[in-house]
Amino acid sequence: VTGHSLGGALAQLCAYDLLTSCPEVAERGAGAVTLVSFAAPRMFNRAFRRRMDMLEASERLAALRVVVSPDIIPRLPPGILGGHHGVSSRLDICPSPRGGTRLALSTGD
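Described below are features of the structure shown in this document.

Some words on the environment of Ala-32
- Along the chain, Ala-32 turns up in the loop between helix H2 (23–26) and strand S2 (33–38).
- On the basis of relative accessible area, Ala-32 is assigned to the buried category, the value being 13%.
- C-alpha of Ala-32 to C-alpha of Leu-61: the two residues are 29 residues apart in sequence and 6.3 Å apart in space.
- Setting aside its immediate chain neighbours within four residues, Ala-32 contacts Leu-19, Val-25 and Arg-60.

Notes on the sheet that holds S2
- Ordered in space as S1-S2-S3-S4-S5, the 5 strands form an open sheet in which the pairing is mixed. Strand pairing shows two members of the sheet lacking a second neighbour, strand S1 (2–4) and strand S5 (101–107), which therefore form its edges. Direction aside, neighbouring strands of the sheet carry axes that sit 15° apart on average.
- Sheet analysis places strand S3 (residues 61–68) next to strand S4 (residues 89–95), joined by 4 bridges and oriented parallel. From the neighbouring strand, Arg-65 faces S4, where its bridge partner is Arg-90.
- The sheet contacts of helix H1 (residues 6–21) involve S1, S2 and S3, and relative to S2 the element is tilted by about 165°.
- Contacts from helix H3 (residues 46–57) reach S2, S3 and S4, with the element oriented near 120° to S3.

Considerations on unusual backbone geometry
- With omega at -20°, the peptide bond leading from Leu-76 into Pro-77 counts as cis.
- At Ala-39, a position not held by glycine, the phi torsion is positive, near 55°.
- Here Ala-39 is to be found in the loop between S2 and H3.
- What makes Ala-39 buried here is its relative accessible area of 7%.

A look at the pairing of S5
- Burial of S5 is sparse: only 0 of the 7 residues sit out of reach of the surface.
- As paired elements, S4 and S5 share 7 bridges and run antiparallel to each other. Counted as the bridge partner of Leu-91 is Leu-105 from S5.
- In sequence, S4 turns back onto S5 through a hairpin of 5 residues, with Gly-99 there showing a positive phi of about 100°.

Brief notes about the nonpolar core
- With 16 residues, the main nonpolar core has Leu-19, Val-33, Leu-35, Met-52, Leu-55 and Leu-61 as its most contacted residues.
- Taken together, the elements giving at least two residues each to this core come down to H1, S2, H3 and S3.
- Among all residues touching Leu-19, those that are not within four sequence positions of it are Val-25, Ala-26, Ala-32, Val-33, Leu-55, Arg-60 and Leu-61.

What counts, and where the lines are drawn
- Residues numbered from 1 in each chain as written.
- Predicted model: local features only at pLDDT ≥ 70, side-chain atom pairs only at ≥ 80, totals over all residues.
- Heavy atoms only, no water.
- Helix = DSSP H or I, 4+ residues; strand = E, 2+ residues; numbered from the N terminus.
- Buried < 20%, exposed > 50% of the residue type's maximum accessible area, 1.4 Å probe, protein only.
- Contact = heavy atoms within 4.5 Å.
- Pairing = 2+ DSSP bridges.
- Axes fitted to C-alpha atoms, helices over the stretch in contact; angles between N-to-C directions.
- Core = buried A, V, L, I, M, F, W, Y, C linked by side-chain atoms within 4.5 Å.

By themselves, these are just geometric observations and shouldn't be taken as functional.
Here it is, written out as structure tokens:
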């Protein structure tokens, strides 16, 4: 499941829905759903984030959030307002104005 910007947030909801509401998918076990979201905003609360973390820990969900560092959308709304990403694994793409690109894999908001 994949999406960009608001579609990335919707892809996270879709992955959660598939794993919790669709018995055919849930029965597949490890690797049942792969999720890649691009530049998704912080659309979720802490409870949703914990549930997604549990699905990842059970290996039923493999998820990655891709962020290009100058993009503002993945930082909205500000974390101080309580917004969370549904996925903790993040690939940061940091283009350099002098050429080249740095990639960094991390976890957390």
